Amino acid sequence: MQAKGTHAGDATTRAIPSLTVEGEEDTAASATAPPPADASHEDAEAEPDTELELIEPPLDSADHPQHGIESAPALMVVPSPGTSTGPQLDGGEDVGEMPPPSMRKRSAAMAALKEELEGKRALKFKKRSDTAHELLKIERSYVEKLSIMCEVFVDPLEEASTSDEPILTYTQLMDIFSCVKMIRKMNAEFLERLESLMNTWSEETCIGPLLSTMGFLRDYSAYINTYGNALKVYTNLSRECKPFKEYLSKPHVRKAMKRDDLSSYLIMPIQQIPRYEMLAKQLLKYTPTEHSDYAPLEEASALIHTIAEEMNEAKKKFDNVSKMFDVSSRFEPHCAPMILTENREYILEGFLFSRSRYISDSPPRKSLYFFLCNDVLLKAKTRHNFGEDDTLPDLDFVRMVPTEELKFHNTEEYPLAFRIGKDLWYCQSKYKKKLWLKGLASAGVAEW
């Protein structure tokens, strides 16, 4: 008799313990007899190779009398250790217990979020890398043009200044190029360190410590403060100095300059500091806060920003001092002590007319001309040579009134006029009237 729950050809089925009682050996023997020889093996091959263990339930004398067995005992099929009854793939691979749909959705959402974050991180590092390489590109171009100024202009013209036929005097040369050779040296050294760093660039590279060495930019102040005068001297000499005009037109000079005007080279140091500030901010923006370069970049960005502000403030002060000297030079020398005082800031200048009929784009001699500063309003009269020669005085001093003693009023009924105290003053245009009203307000003049 074949045991219930077993398969006819299963070679892995374990031996079944004897279930017979005394006197029934023949019956029990038939239960373990081998199957007929012609039994099919195809069914056995189709079954999975799961190893099963048959466990005999305990016999109860009440259920099983001593003489005979009414029916075979029930057999429980228990998987052997290491086997699974869960879902399987087509090849028989066990995939384990399937998670519920809600868990599968959460897992998919987490995977999508992880992929999105990794994509953003990769994009951020790409922008950081692009910004660092942009800094390298800009610095190479800058140093190259500084070298052109030194090798094509400063060095040969300085050598010629000591010859019998100088192209420019040494003073004229320094007025134009100032400390450009020093700037070239500082930036060439910075470029060398930057190139060395970029040759091994990776996500872990720290560029902040290198940018923190850019305190040398403070030495630009001498160049920045004299840039306005440099441009003025260059413009005048390129028009009036024949040897210099001829030098500018030489083939090797034009080739080196790539047909650009020298003025486009002179302004480069002025433009470079704002570029450094912008690129440092971008590098900080695209650097993760957990990156080891974040703190050094934060310090470097703050340093460059501070230097840029210092340069701007120094430039404003220098321009103001220069402008006040220009103002004083338009009066007789004895007026200079009254005009040039500490902390006086130039704001505005121009014609104001006491009658509308006097308004003209080319006012006659003895017209009134005003200078507005942060603390005084200076009143003058024009001379016959007004505006003709900036080397000679062209104004006569009339009076100077502290701004704290003044009040102004915008008279709507007069489109070109406004009042200072009781006096009505006409401007040459509505735009100039707007400038005067704004200037008076910035000087702290009270409005009534």
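Residues numbered from 1 in each chain as written. Predicted model: local features only at pLDDT ≥ 70, side-chain atom pairs only at ≥ 80, totals over all residues. Heavy atoms only, no water.

Remarks on the side chain of lysine 315
To keep things clear, this is the line we draw: Counting from the N terminus, the helices are the DSSP runs of H or I reaching at least four residues and the strands are the DSSP runs of E reaching at least two. Residues adjacent in sequence count toward polar contacts only when both atoms are side-chain atoms; beyond that, a polar contact is any pair of N or O atoms within 3.5 Å, and within protein one must be able to donate a hydrogen and the other to accept it. What makes two residues a contact is simply this: any of their non-hydrogen atoms within 4.5 Å.
Its place among the elements puts lysine 315 in helix α12 (residues 294-329). Side-chain polar atoms of lysine 315 contact the side chain of aspartate 319, separated by 2.7 Å. Residue contacts for lysine 315: discarding those within four places in its chain leaves Ile224 and Asn225.

Concerning the pattern of salt bridges
Which entries qualify depends on this criterion: Just to be clear on terms, a salt bridge is a Lys or Arg side-chain nitrogen sitting within 4 Å of an Asp or Glu carboxyl oxygen. The buried label applies to any residue whose accessible area, calculated with a 1.4 Å probe on protein chains only, is under 20% of its type's maximum; exposed applies above 50%, and partly exposed to all values in between.
Tallied over the entire structure, the rule returns 16 salt bridges. Note that glutamate 349 is salt-bridged to lysine 323, the shortest N-O span being 3.5 Å. One end of the pair, glutamate 349, is in strand β3 (residues 346-351); the other, lysine 323, is in helix α12, with 26 residues separating them in the sequence. In this structure, the salt-bridge partner of aspartate 394 is arginine 330, at a minimum N-O distance of 3.2 Å. Taken together, the residues aspartate 394 in the loop between β5 (376-382) and β6 (395-402) and arginine 330 in the loop between α12 and α13 (336-339) connect sequence positions 64 residues apart. Of the two residues examined, aspartate 394 and arginine 330, each falls in the buried class. Each member of the salt-bridge network shares a partner with another, and the members are Lys323, Arg330, Glu349 and Asp394.

With respect to the environment of valine 152
Its location among the elements puts valine 152 in helix α3 (residues 101-160). Residue class for valine 152 comes out buried when judged on its relative accessible area of 12%. When the C-alpha atoms of valine 152 and arginine 254 are compared, they prove to be 10.0 Å apart, with 102 residues separating the residues in sequence. Residues in contact with valine 152, not counting those within four places in the same chain, are Ser147, Tyr247, Val253 and Ala256.

Some words on the sheet that holds β3
Using the following cut-off: A pair of strands is treated as paired once DSSP finds two or more bridges between them. As a rule, the C-alpha atoms of each element are fitted with a line to give its axis, helices using only the stretch in contact, and angles between N-to-C directions run from 0 to 180 degrees.
Reading across from one edge, β3-β4-β5-β6 is the order of the four strands in this open sheet, with antiparallel pairing throughout. Sheet topology places β3 and β6 at the edges, where each strand pairs with a single neighbour. Strand after strand, the sheet turns through a mean of 20° between neighbouring axes, direction not considered. Sheet strands touched by α12: β3 and β4 (368-373). Its angle to β3, the strand with the most contacts, is close to 35°. Strand contacts of helix α14 (residues 430-442): β3, β4 and β5, with the helix running at about 145° to β3, the strand carrying the most contacts.

Describing the packing of aromatic side chains
To be explicit about the condition: Aromatic rings from Phe, Tyr and Trp, with only the six-membered ring used for Trp, were paired whenever their centres fell within 6.5 Å, and each pair was classed as stacked if the ring planes differed by under 30 degrees, edge-to-face if by over 60, and tilted otherwise.
The full count for this structure, using the stated rule, is 14 aromatic pairs. Summarising the aromatic geometry, the rings of tyrosine 234 and phenylalanine 244 are spaced 6.2 Å apart at their centres and angled 90° between planes, so their arrangement reads as edge-to-face. With tyrosine 234 in helix α7 (residues 221-240) and phenylalanine 244 in helix α8 (residues 242-248), this residue pair connects regions lying ten residues apart in the sequence. According to the relative accessible area criterion, phenylalanine 244 is buried, its value standing at 0%. When the centroid spacing of 5.2 Å and the interplanar angle of 70° are considered together, the rings of phenylalanine 370 and tryptophan 425 count as edge-to-face. Here tryptophan 425 lies in strand β9 (residues 423-426) and phenylalanine 370 lies in strand β4, a separation of 55 residues in the sequence. Relative accessible area serves as the criterion here: at 3%, phenylalanine 370 is assigned to the buried category.

Focus: the nonpolar core
Where we set the bar: We call a set of buried Ala, Val, Leu, Ile, Met, Phe, Trp, Tyr and Cys residues a nonpolar core when their side-chain atoms join them within 4.5 Å.
In terms of nonpolar packing, the biggest core is built from 65 residues, with Phe153, Phe177, Ile207, Leu211 and Phe244 touching the most fellow members. With 15 residues, the top contributor of residues to this core is α3. Setting aside its immediate chain neighbours within four residues, phenylalanine 177 contacts Met149, Phe153, Val154, Tyr223, Leu262 and Leu266. If you look at the next biggest cluster of nonpolar residues, it comprises 18 residues, including Leu348, Leu377, Cys427 and Val445.

A look at the confidence of the model for the chain
Condition: Residue-level confidence of the predictor, termed pLDDT, takes values from 0 up to 100.
Confidence along the chain averages 81 in pLDDT terms, with 77% of residues attaining 70 or more. Every residue in residues 1-34 is under pLDDT 50, and counting partners more than four places away or in other chains gives 32 contacts. In this model residues 36-55 is a low-confidence stretch, pLDDT under 50, and it forms 27 contacts with partners more than four residues away in sequence or in other chains.

As for the sheet that holds β9
Read from one edge of the open sheet, four strands run β9-β8-β7-β10, paired in mixed fashion. Taken across any chain shown, the strands that pair with only one partner, and hence form the sheet edges, are β9 and β10 (446-447). Where strand β8 (residues 417-420) meets β9, four bridges bridge the pair, whose relative direction is antiparallel. Bridge pairing in β9 places arginine 419 opposite leucine 424. Running at roughly 25° to β8, α14 makes contact with β7 (407-409) and β8 of the sheet.

Thoughts on unusual backbone geometry
Phi at serine 178 takes a positive value of approximately 45°, unusual for a residue other than glycine. In this model, asparagine 343 sits at a positive phi of 70°, which is unusual for a non-glycine residue. Considering the arrangement of structural elements, one finds asparagine 343 in the loop between α13 and β3.

A closer look at the pairing of β5
Across the seven residues that make up β5, a large majority, five, are buried. Across five bridges, the pairing between β4 and β5 is antiparallel. Note that in β5 the partner of phenylalanine 371 across the bridge is leucine 378. Hairpin connection from β4 to β5: two residues lie between these consecutive antiparallel strands. Alignment of β5 against β6, held across seven bridges, turns out to be antiparallel. Along β6, the bridge assignment pairs leucine 378 with methionine 400.

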